[in-house]
Structure formats: structure tokens, C-alpha cells
Amino acid sequence: LAGVLCVHPTATIVEFGSGGGHLGLVLASLHPRAQFVLLEMDASAHAICQRRVAQLGLTNVETMCGDAHAFDHPFDVGIGLHCCGSLTDAVLAQCHRQGAAYVLCPCCYGHARPPVGPMGTDGPAAPSVTKGLADFTGKFLEYQRLILAAADFSSMSYRD
């Protein structure tokens, strides 16, 4: 992010899944020439973020309550810290559509949801998916679950 802001200090940065603004508000304070959009789907977290923006008097921050899939404003950089569930995919898709740089840290909660439809959408599964691909996907998800569970120490139990 610092590299982008050195070249383009007035960039528009969207924090997807901003919650109460912990990350975005610090970044906005450190980079007053950049414009920040803090997008959060949860109304109560969005309200907390709005209060914090007002308390800090930040004029380079706009908060929005909405779904990342429906976000349709131009931006230069997408960021997401602890992008739960399908939020990582939504942010990547938005950044790809915009041609935007991104910094993402998906969350790791010990399991993964397999894609239901084509390209991971929630639509009906593509009828052309072969058994070989389905077998590969199943094996991949099995390994992914093991990796995620190992990385999520809260879901592991250790014995002497």
C-alpha cells in the first residue's frame, strides 16, 4: 500500500469488510491526501465506524454499509483484513474489474466452503463438470481444510 501511495498519494482505497474501522482509520490518519471508503455489511459495525470517523474528524473517509458484491464505485486499491467466507473472492473480483491493486488477508477459521457453482458462485453447478474434476476438487478441499485447521490454533487441541 505504501508503494502505491508514494506514486499516487491521492489514490482511492476501499477497505472491504472494514468492521469498526480499526485498519482503515489508522491508514486514513497516516495518509490524509488519499481518499478512503470503509465498506461494511454489518449495520452495527458500520455505525461504530461512522462514530469513530466523526470523533476523529477525518475528512478523507467515507463509510458505507453494504455488500462487497454490489459495490460499484471506482477505486485504485482494495484492502481487506480478515476477509471471512466468500468476502475474499468478492474483493478479488471487484479489484479485477477495477484493475485495482489489492492487499488481502483472508481469515482462517479451520474450514473452507467448497464452491457450489461455476467460478465459486452460489448458482447451480455447471453440468459440464467431469467426475475427474470433481474428484480433484474434493481432494483439494480436503487438503485445504487440513491446512486451514493447522493454521487456526483455536481449532486445534494439543496433547502431551
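Structure: see above.
The notes below deal with the structure included here. (Residues numbered from 1 in each chain as written. Predicted model: local features only at pLDDT ≥ 70, side-chain atom pairs only at ≥ 80, totals over all residues. Heavy atoms only, no water.)

## Quick look at the overall build of the protein
At step 1: Counting its secondary structure elements, the protein contains five helices and five strands.
At step 2: The buried share of the protein, reckoned over its 160 residues, is 31%.
At step 3: Once local pairs closer than 6 in sequence are excluded, the contacts in the protein between residues at least 24 apart make up 61%. (Helix = DSSP H or I, 4+ residues; strand = E, 2+ residues; numbered from the N terminus. Buried < 20%, exposed > 50% of the residue type's maximum accessible area, 1.4 Å probe, protein only. Contact = heavy atoms within 4.5 Å.)

## Quick look at the nonpolar core
At step 1: Judged by nonpolar contacts, the single largest core of 15 residues is most densely connected at I13, L25, F36, L38, L58 and V61.
At step 2: The set of elements that each furnish at least two residues to this core consists of α2 (22-30), β2 (35-40), α3 (43-56) and β4 (77-83).
At step 3: The leading source of residues in this core is α2, at three residues.
At step 4: Ignoring sequence-local partners within four residues, the contact set of V61 consists of L25, A28, F36, L38 and V53.
At step 5: The next biggest cluster of nonpolar side chains, apart from the first, holds 14 residues, and it includes V14, F75, C83 and A100. (Core = buried A, V, L, I, M, F, W, Y, C linked by side-chain atoms within 4.5 Å.)

## Quick look at the sheet that holds strand β5 (residues 101-106)
At step 1: One open sheet accounts for five strands, arranged β3-β2-β1-β4-β5; its pairing is parallel. Single-partner strands in this sheet number two, and they are β3 (61-65) and β5. Strand-to-strand twist in this sheet, taken as the mean axis angle between neighbours without regard to direction, amounts to 15°.
At step 2: When β4 meets β5, the two strands line up parallel, connected through six bridges. In the strand pairing of β5, L81 is matched with C105.
At step 3: Contacting β2 and β3, α3 runs over the sheet at an angle of about 165° to β3.
At step 4: Sitting on the sheet, helix α4 (residues 87-98) is in contact with β1 (12-16), β4 and β5, with an inclination near 175° to β5. (Pairing = 2+ DSSP bridges. Axes fitted to C-alpha atoms, helices over the stretch in contact; angles between N-to-C directions.)

## A word on the environment of H46
At step 1: Mapped onto the elements, H46 comes out in helix α3.
At step 2: In sequence terms H46 and T63 are 17 residues apart; their C-alpha atoms lie 7.3 Å from each other.
At step 3: Among residues more than four places away in sequence, those in contact with H46 are G19, E40, T63, M64 and C65.

## Quick word on the packing of aromatic side chains
At step 1: A complete count under the given rule lists three aromatic pairs for this structure.
At step 2: Here the aromatic rings of F16 and F75 are separated by 5.7 Å at their centres, their planes lie at 70°, and the arrangement is edge-to-face. Taken together, the residues F16 in strand β1 and F75 in the loop between β3 and β4 connect sequence positions 59 residues apart.
At step 3: For F16, a relative accessible area of 0% translates into the label buried.
At step 4: On the basis of relative accessible area, F75 is assigned to the buried category, the value being 5%. (Phe/Tyr/Trp six-rings, centres within 6.5 Å; stacked < 30°, edge-to-face > 60°.)

## Description of the state of the cysteines
Disulfides are covalent bonds that link the sulfur atoms of two cysteine residues.
At step 1: Taken as a whole and assessed by the stated rule, the structure comprises zero disulfides.
At step 2: Free cysteine C95: the closest other cysteine sulfur is in C83, separated by 9.4 Å. (Disulfide = S-S within 2.5 Å.)

## A word on the pairing of β4
For a regular strand, side chains alternate in direction, first toward one face of the sheet and then toward the other.
At step 1: Within β4, five of the seven residues are buried, leaving the element largely enclosed by the surrounding structure.
At step 2: Where β1 and β4 come together, three bridges link them in parallel fashion. Bridging from a neighbouring strand, E15 pairs with I79 of β4.

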